[in-house]
There are 2 protein chains.
Amino acid sequence: MDFSSFVTSLATSFVVFLVLMLAFAWLQRRPGNAVIYYPSRILRGLDPLEGRKATRNPFAWIREAVSASEADIIAAAGVDAAVYLVFLSSVLAILVLSGIVLLPVLLPVAATVLTRPSSSDSNSEGGFENLDKLTMGHVNKGSPRLWAFLLGVYWVSFATYYVLWKAYRHVSNLRAGATSSEEVRLEEFAILVRDIPATASGQSIKDQVESYFRLLHPETFYKSMVVTDNKEADKIWAEIEGYKKKLARAEAVYAETKTTGKPNGRRPTNRLGFLGLAGEEVDTIEHCNQKLKELVPKLEAEQSITLREKQQQAAIVFFNSKLAAASAAQTIHSQKVDTWTVMEAPEPRQLIWANLPKKFYERQIRASVIYGIVFLTVVFYMIPITFVSGFTTVENLKKYLSFTKKIVDQPAIKTVLEAYLPQLALIIFLALLPGFLMFLSKQEGIPSESHAARAASGKYFYFIVFNVFLGVTIGGALIDSLKTIVNHPSEIVTLLGTSLPKSATFFLTFVALKFFIGYGLELSRIVPLIIFHIKRRFLCKTEAEVREAWAPGDFGYATRIPIDMLIITIVLCYSVIAPIIIPFGVMYFGLGWLIARNQALKVYVPRYESYGRMWPHMYLRIIAALIVYQVSTFGYIGLRKFVYAPLLIPAIVSSFIFAYVCRKHFYLAFVHTPLEVVVASQGKKEIPNMEAIYTAYIPQCLINDKFVEDGDMFEDAHSQSLRTTSF
Amino acid sequence: MDFSSFVTSLATSFVVFLVLMLAFAWLQRRPGNAVIYYPSRILRGLDPLEGRKATRNPFAWIREAVSASEADIIAAAGVDAAVYLVFLSSVLAILVLSGIVLLPVLLPVAATVLTRPSSSDSNSEGGFENLDKLTMGHVNKGSPRLWAFLLGVYWVSFATYYVLWKAYRHVSNLRAGATSSEEVRLEEFAILVRDIPATASGQSIKDQVESYFRLLHPETFYKSMVVTDNKEADKIWAEIEGYKKKLARAEAVYAETKTTGKPNGRRPTNRLGFLGLAGEEVDTIEHCNQKLKELVPKLEAEQSITLREKQQQAAIVFFNSKLAAASAAQTIHSQKVDTWTVMEAPEPRQLIWANLPKKFYERQIRASVIYGIVFLTVVFYMIPITFVSGFTTVENLKKYLSFTKKIVDQPAIKTVLEAYLPQLALIIFLALLPGFLMFLSKQEGIPSESHAARAASGKYFYFIVFNVFLGVTIGGALIDSLKTIVNHPSEIVTLLGTSLPKSATFFLTFVALKFFIGYGLELSRIVPLIIFHIKRRFLCKTEAEVREAWAPGDFGYATRIPIDMLIITIVLCYSVIAPIIIPFGVMYFGLGWLIARNQALKVYVPRYESYGRMWPHMYLRIIAALIVYQVSTFGYIGLRKFVYAPLLIPAIVSSFIFAYVCRKHFYLAFVHTPLEVVVASQGKKEIPNMEAIYTAYIPQCLINDKFVEDGDMFEDAHSQSLRTTSF
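Counting starts from 1 at the beginning of each chain's written sequence and moves along it residue by residue. Going through the entries in the order they are written, you letter the chains from A and number the ligands from 1. Confidence filtering applies because this is a predicted model: local features only for residues at pLDDT of at least 70, side-chain atom pairs given and counted only at 80 or more, and all residues used for totals across whole chains, interfaces and linings. The side-chain figures draw on all heavy atoms in the structure; neither hydrogens nor water molecules are used.

Engineer: What is the right way to read the overall build of chain A from this model?
Structural biologist: Counting its regular elements, chain A contains 30 helices and six strands. Burial status follows relative accessibility: with a 1.4 Å probe on protein chains alone, a residue under 20% of its type maximum counts as buried, one over 50% as exposed, and anything between as partly exposed. Out of the 727 residues in chain A, the part that is buried amounts to 50%. Only the protein chains shown count as cover for residues, with accessible areas throughout obtained via the Shrake-Rupley method and a probe of 1.4 Å. Element-wise, carbon and sulfur atoms account for 64% of the exposed surface of chain A, whose accessible area totals about 33,600 Å². Numbered from the N terminus, helices here are DSSP runs of H or I no shorter than four residues, and strands are runs of E no shorter than two.

Below is the structure:
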């Protein structure tokens, strides 16, 4: 890539960004779009455009995003979003701190070298001299100027330690503050018990759990809820919900046709066969009503069977005090430590019920198998895709789907197809990958959604670092390189050192593209806007359907964080070799921070709250990126025949020590709730309604309308087995 | 070593063993020796020779040792001894199970090979054909007979898994049973709190601890005892004890001279100067009395200063219920997880007070530094010793200590000196090593004696495995081999495979020597017997001094277990290559088990009780030995060009899986007390005297006679600082 095409690419991205920003400024003020640009505010019952009419400034959102306090963010989008913002601002701080020293020092040091080094040291593959002058590749081998770059590594490292330490402390306090707030948190009174051993014959699991915990926690045990196999009940419940929706829709259609007085005022019908296209035609409203009448008693019957006979080897146990629950969740209960394993209960909304009864060793085996699959996917994913690409050619399309022949043979369409058809497999694969990784993570037997998101995020991070970062730098010969690395581990340093500089300009463009196009789309929400308008126009009949069409998602940490991590890794790795990348990194995280604040305040609605459990995961990957950076720069400075390069080894060691100290100082408080924090939240509140907490954990498909009248029904059905077995 | 010298060496050892056994049979029945052969029974107030006079059978001790139940062992020597016996019998069971299959199968398979392989494959370095015929080296390369050896590895592996699993379960139950017995265990009501953060100004640490725990455990907190810096008080206390002993001795001497009516009936005197040889001569009794009169008030003053002003950042916190203490010891207290760290309190008698206030990161740094020192000691210990040996020659002796010239010049003495003088440094080093390793382990900041013993045992195990096992097998070129291993890790398999067979006969002799001579000395207790008789005759004047002269030690696990471990490693590694070693191993552990039972019942008195905490440490090293065995046999079978050798890899993997499953199933219950176990012990007992538990933890040097009358004195002095600071 030569300099002019680099500038062109930057300029194009910037123009697209500007257009998207203007579109945003215009679109967001139209009231009909409020549900797309302010869904979070609407759902919280606030006026979406509050105080906005007064100002016509299209950049008012920036002022609002900047001026919002952390408490506002937490109120709007939860602690997780606040922690994500801390992450963005920390990385921003690291890059700004690095930039204000590295840019004014290293650029002149590199640019003022008079004699050009031999062309083989050129930093980019084409001739790209203008930027090349500003990189370390421009400094002569063995020159004392390399001291500046070596010290630059130390400066970046210490800036990272300083910022990360402060950020970790801040997040730790955020977490502690949030968990000791006024609100009653259901999960604070519960623990999750798994790996319950087989019961003695004639004893129900419920009975066993109750007697066990009543014995070990005589004064604080409240109640237990045994996890049941809800597959059947879930199915019936989903069917009922489906018919309810269908009924509402049919009624809305019928009402519409009646009120508009159109001639076709007949009752809506549908067919029972395949996809509603074939089979007997029935009156939808009658049919749904009839089905519902059948299914509701069926559900009730299934519910009582489930509660009585489908008890599984896991339970949620409730305590009448937070302190007791927090202690119990951290204490070994059984002498056989792989039975009766306990942990703090996740929120009810993020429980993955199907995973709870999975056995201890089953979980271990699943995790190992899945890590094997992920490894194979990360390393060899190109093989099946290349294979499929061989088939998805224009020739094969004509051959196997002969009816497309006429369309395909048109020159314009043919050109486009020839360009994109072979990539199709790759595009589809990359689009499905996050979902696939999330599916794999859930298969590990992880009990909560937030934990599954962390696991999926980790896997996705491996994938993109390996395939984008290493793939681009080391190039096509990745598998060969891998072989070298396995046989001679010490060569990875040299390999990174030689390969990194060549890809500097590629990554400059990559980062710029990511923030201009990526953030432009994110802020303007063009895609959700178009989808919503299409849905509302052609599909939605009832109020509920419209609401569903604009329902905002959450931040999607599982895919968002790995991409941010990739950018950090790239920017850190080039920070000393080609410091010009730092401003791009600053732009990425600066803009990212601003837009994420806007989205947190106005758009996204969290699906769950993990109180910053994601932070240690993010922090550890920043440290990992820092170590990759130190090692590769060590390799690169070493290659430039600088005898003092080994002076970088203490920096690498200190990164490991820093990671260790952080872990010891903070980490466990993210896994368990410290008693200090529990006590801090205790005195302030009244004693909560324990029955309400218990009820909140009942899975949707087992909720019976009758329970509203008689709160003990669930309890009764649940423990009926005890009575039936003992009499 | 040829065959005849091998047999001679065995025969000699056996004769020595027989002589020692006969000596034991004769000596143990003389009443004057009872304190040497039955000290444990005497200390427990039992008749040493109970029921023995009836039988004159010199082997009665064997019947007694075999017929004693595990409960007897626990009553006599504690759970730790019982667990050590389980360890011995488990290894015995592994070897017996291996032997009954491997001996009748592998020996004929090897011996019936007709063609001799080339002499380079010979199993021992000299010609040693008789034994060589019975080893794997005798089987032709690539012969299908190697299947028998390969399957032999699997048999040994599965025998080990089976025995270890049963043993682990047994030990786990032993531990649970002992901790839930009738006896009140002081440490069950206490936890050890370390890393207490700096206090707010004007607040004493005691005050801070009490308010912190009263807040977090409002209903169960009883009292706290802050650790103090007792160095000064300890010194004065030791001085007082010294004078007390001296006084008792002088009085005994004086009484003796008076009653015997000997002419020199004058009062005993001593000199105050260097070693009691120079300086002013004083009347001992008067001098001691005077000193005691001075020191006792000084101690009292120091005690109150210590309690008030020398509080340290650690404390022992007492709870009024076991369940509360067990929960508290497993729960994170502070949001900063490296402060207020908690653990179950060790027994008062095994607390290492000086280590308790050591800070979290200080402990980590100390541990790293000490592991560095141990690594250097293990790998390079020969360097300083060779250096010192260069000086300790007969020539130098004559040169620097010229007065020895005449003695040294006598031919007989000269020969002996020339033989042993160069070894002197090595002998002294090896004698001091266990003490040195124990000292190092304590420097790590470990809070209890039993834990320090485990740490020292681990270090000693590294030392002997590296220097004896690897040193002998791989030979002098150890450092070179090490370099090879670091550069090409996969070559260790080949290296072990080639080197092991050469040393087979050396290790046969080594094991035989260890059990004939080692156990002969152990059982006959010749050395303690001689020392005791010399001391009683020439040194002891008072009853207390005699008692001190025969006071039995404990098992000394820190040095005993690593040696057993070395034998296991050796026997397992040769079990398939040269199965003839198995009977030797069976002898070692069979005899060891018998003698250890005898010593547990009659001799050794435990210094502390850790309820089998040593077991996971021993078990893990057996697994490690098994893996070394599997890997080296894999290398050896591979070298014999057997294409199915890789079939051994699943065996290696299954060892890792077995270790993992054991760890998950049992290990945590050895670190923390499961609530189940605590509850099992609770109902049975009355509420204990909490004040007595608290008092038991007061360090000796801070006990004041006045406390007997007024139990609150300690408490008062301890918290006086609170009052002095608040008013």
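Past the structure itself, the notes keep going.
Engineer: So what exactly am I meant to see when it comes to the relation of the copies chain A and chain B here?
Structural biologist: What connects the two chain copies is a rotation about an axis and a shift along it. In the superposition of chain A on chain B (RMSD 0.1 Å, axial shift 0.0 Å), the rotation amounts to 180°. Within this description, the copies of the chain are treated as partners about a two-fold rotation axis. Here a residue-residue contact requires only that any non-hydrogen atoms of the pair lie within 4.5 Å. A share of 100% of interface residues in chain A that are also interface residues in chain B marks the association as one of identical surfaces. C-alpha atoms of residues with pLDDT of at least 70 in both copies form the basis for the least-squares superposition of the copies.

Engineer: Help me understand the packing of aromatic side chains, please; the structure alone is not making it clear to me.
Structural biologist: Working definition: an aromatic ring pair is given by the centre-to-centre distance plus the angle between the planes. Residues and elements named next belong to chain B. Only centres within 6.5 Å qualify two rings of Phe, Tyr or Trp (six-membered ring in Trp) as a pair; their planes then separate them into stacked at under 30 degrees, edge-to-face at over 60, and tilted for everything else. Counted under the stated rule, the structure contains 70 aromatic pairs over all chains. Relative to Tyr 694, the ring of Phe 318 has its centre 5.3 Å away and its plane inclined at 70°; by these criteria the two rings are edge-to-face. Of the two residues, Phe 318 sits in strand β5 (residues 311-319) while Tyr 694 sits in helix α29 (residues 690-696), which places them 376 residues apart along the sequence. The exposure class assigned to Phe 318 is buried, which follows from its relative accessible area of 0%.

Engineer: I tried to follow the layout of surface pockets on my own but got confused; where do I start?
Structural biologist: Residue and element names in this part refer to chain B. In this analysis, the protein atoms alone were mapped onto a 1 Å grid. Cavities are point sets where a 1.4 Å probe fits without being able to get out; pockets are open sets with protein on both sides within 12 Å along at least five of seven lines; lining residues have an atom within 4 Å of a point. Grid points are joined across faces, edges and corners, and a volume is the space filled by probe spheres set on the points. When its volume is computed, the second largest pocket comes out at roughly 1,200 Å³. Around the second largest pocket sit 33 residues that line it, and Tyr 460, Phe 510, Lys 514, Thr 559 and Ile 563 are the ones nearest its centre. Sorting the residues of the lining of the second largest pocket by element identifies α17 (424-443), α18 (449-474), α21 (504-524) and α24 (557-574) as the ones contributing at least two each. Considering each element in turn, the lining of the second largest pocket owes the most residues, eight residues, to α21. Considered class by class, the residues forming the lining of the second largest pocket number 22 nonpolar, five polar and six charged. Three classes are used, and their members are as follows: Ala, Val, Leu, Ile, Met, Phe, Trp, Tyr, Cys and Pro are nonpolar, Asp, Glu, Lys and Arg are charged, and the others, Gly among them, are polar.

Engineer: Help me out: how do you make sense of a nonpolar patch on the surface in this one?
Structural biologist: Two joining distances apply to patches: 9 Å for like charges and 5 Å for nonpolar side chains (Val, Leu, Ile, Met, Phe, Trp, Tyr), and every residue must have over 30% relative accessible area and no salt bridge. Whenever Lys or Arg places a side-chain nitrogen within 4 Å of a carboxyl oxygen from Asp or Glu, that contact is recorded as a salt bridge. On the surface, A:Trp147, A:Leu151, A:Val643, A:Tyr644 and A:Leu647 cluster together to form a nonpolar patch covering roughly 490 Å² of accessible area. Along the chain, A:Leu151 falls in helix α7 (residues 146-179).

Engineer: Sorry if this is basic, but what is going on with the packing of helix α7 (residues 146-179) of chain B against helix α26 (residues 615-639) of chain B here?
Structural biologist: Between two packed helices, the angle of one axis relative to the other and the distance separating the axes together describe the packing. All names here are of chain B. All axes are obtained by fitting lines to C-alpha atoms, using only the stretch in contact for helices, and the reported angles, taken between N-to-C directions, cover 0 to 180 degrees. It is at 11 Å that the axes of α7 and α26 come closest, and there the two elements cross at 175°. The pairing of α7 with α26 is recorded here as roughly antiparallel in orientation. In this structure, α7 contributes Phe 149, Leu 150, Gly 152, Val 153, Val 156, Ser 157, Thr 160, Tyr 161, Leu 164, Ala 167, Tyr 168 and Val 171 to the contact, and α26 contributes Trp 615, Pro 616, Tyr 619, Ile 622, Ile 623, Leu 626, Tyr 629, Gln 630, Thr 633 and Ile 637. Of the residues that constitute the contact of α7 with α26, the class distribution is 17 nonpolar, five polar and no charged. When describing relative orientation, an angle under 35 degrees is termed roughly parallel and one over 145 degrees roughly antiparallel, while 65 to 115 degrees is termed roughly perpendicular and anything else oblique.

Engineer: Which parts of the structure should I look at to understand the interface of chain A and chain B?
Structural biologist: By convention, interface size is frequently given as the accessible area that disappears when the constituent parts associate. Every contact between the two is made by 39 residues of chain A and, on the other side, 39 residues of chain B. Buried area is a sum: the accessible area each of two parts loses on coming together, probed at 1.4 Å, counted once for each and added. Between chain A and chain B, roughly 3,200 Å² of surface is buried when both sides are summed, and carbon and sulfur atoms account for 61% of that area. It is A:Ile332, A:Gln335 and A:Glu676 that lose the most area in chain A upon contact with chain B, and together they represent 22% of the buried surface on that side. On the surface where chain A and chain B come into contact, there are zero salt bridges. Pairs of N or O atoms are called polar contacts if they sit within 3.5 Å, as long as, within protein, a hydrogen donor faces a hydrogen acceptor (for residues adjacent in sequence, only side-chain-to-side-chain pairs). Where chain A touches chain B, the interface holds 26 residue pairs in polar contact (both at pLDDT 80 or more). For the side of chain A that touches chain B, the secondary-structure elements that each account for two or more residues are α7, α8 (205-216), α11 (322-329), α12 (360-380), α26 (649-671) and α27 (675-682) of chain A. The biggest single contributor to the side of chain A that touches chain B is α26(A), with eight residues. Grouping the amino acids of the side of chain A that touches chain B by side-chain chemistry returns 22 nonpolar, 13 polar and four charged.

Engineer: Mind showing me how you'd approach the pattern of salt bridges here?
Structural biologist: Think of it this way: side chains of opposite charge can pair up when their charged atoms draw near. Evaluated as defined, the whole model comprises 38 salt bridges over all chains. With a closest N to O distance of 2.7 Å, A:Glu188 and A:Lys322 form a salt bridge. One end of the pair, A:Glu188, is in the loop between α7 and β1 (190-194); the other, A:Lys322, is in helix α11, with 134 residues separating them in the sequence. Assigned by exposure class, A:Glu188 and A:Lys322 land together as buried. A salt bridge links B:Lys602 to B:Glu64, with the shortest nitrogen-to-oxygen separation between them at 2.7 Å. Taken together, the residues B:Lys602 in helix α25 (residues 581-602) and B:Glu64 in helix α4 (residues 60-67) connect sequence positions 538 residues apart.

Engineer: Please explain the environment of B:Pro562 as it appears in this structure.
Structural biologist: All names here are of chain B. Here Pro 562 is to be found in helix α24. Separated by 99 residues in sequence, Pro 562 and Phe 463 have C-alpha atoms that sit 9.1 Å apart. The residues contacting Pro 562, other than those within four sequence positions of it, are Ser 457, Tyr 460, Phe 461, Ile 464 and Tyr 557.

Engineer: I would appreciate a short explanation of the sheet that holds strand β6 (residues 341-344) of chain B in the present structure.
Structural biologist: Hydrogen bonds between backbone groups are what pair the strands of a sheet, and the pairing can be parallel or antiparallel. Residue and element names in this part refer to chain B. Two strands are said to pair when DSSP picks up at least two bridges between them. Spatially, the four strands line up as an open sheet ordered β2-β5-β1-β6, and their pairing is antiparallel. Because the sheet does not close on itself, it has two edges, and the strands there are β2 (221-228) and β6. Direction aside, the axes of adjacent strands within the sheet are offset by 25° on average. Sheet topology places strand β1 (residues 190-194) next to β6; four bridges connect them, and they run antiparallel. Residue Arg 194 lies in a different strand from β6, and its bridge partner there is Thr 341. Running over the sheet, helix α8 (residues 205-216) touches β1, β2 and β5 and is turned about 150° from β2.

Engineer: Please explain the sheet that holds strand β6 (residues 341-344) of chain A as it appears in this structure.
Structural biologist: Residue and element names in this part refer to chain A. Spatially, four strands are ordered β2-β5-β1-β6 in an open sheet, and the strand pairing comes out antiparallel. Since the sheet does not close on itself, it has two edges, and those belong to β2 (221-228) and β6, each with one partner. Ignoring strand direction, the axes of neighbouring strands in this sheet form an average angle of 25°. Where β2 meets strand β5 (residues 311-319), six bridges bridge the pair, whose relative direction is antiparallel. When the bridges of β5 are listed, Thr 228 appears paired with Gln 311.

Engineer: What am I meant to see in the environment of B:Arg366 here?
Structural biologist: Residue and element names in this part refer to chain B. With respect to the secondary-structure elements, Arg 366 resides in helix α12 (residues 360-380). Arg 366 sits in the partly exposed class, given a relative accessible area of 25%. Taking C-alpha positions, Arg 366 is 28 Å from Asp 80, a pair spaced 286 residues apart along the chain. Aside from chain neighbours lying at most four places away, what touches Arg 366 is Lys 358, Gln 443 and Glu 444.

Engineer: Explanation requested: the confidence of the model for chain A in the structure shown.
Structural biologist: Caution is warranted with low-pLDDT regions, since their predicted coordinates should not be read in detail. pLDDT measures how confident the predictor is about each residue, on a scale from 0 to 100. Scored by pLDDT, chain A comes out at a mean of 82, with 87% of its residues at no less than 70. Note that residues 720-727 of chain A has pLDDT below 50 and, in this model, eight contacts with residues that lie over four places away or in other chains.

Engineer: Before we go on, may I ask you to explain the side chain of A:Asn598 in this structure?
Structural biologist: Residues and elements named next belong to chain A. Its place among the elements puts Asn 598 in helix α24 (residues 581-602). Judged by its relative accessible area of 3%, Asn 598 falls in the buried class. Leaving out residues up to four positions away in the same chain, Asn 598 has contacts with Phe 24, Trp 61, Ala 65, Leu 523 and Val 603.

Engineer: Can you walk me through the environment of A:Leu421 in this structure?
Structural biologist: Residue and element names in this part refer to chain A. Tracing the backbone shows Leu 421 in helix α16 (residues 411-443). A C-alpha to C-alpha distance of 29 Å links Leu 421 and Val 15, two positions 406 residues apart in sequence. Not counting the four nearest positions on each side in its chain, Leu 421 is found in contact with Thr 392, Thr 393, Val 394 and Leu 397.

Engineer: Honestly, unusual backbone geometry in this entry has me stumped. Any pointers?
Structural biologist: The residue A:Lys641 is not glycine, and still its phi comes out positive at about 55°. With respect to the helices and strands, A:Lys641 occurs in the loop between α25 (614-639) and α26. If you check the backbone angles, B:Tyr611 has positive phi at about 50° while not being a glycine. In this structure, B:Tyr611 sits in the loop between α25 and α26.

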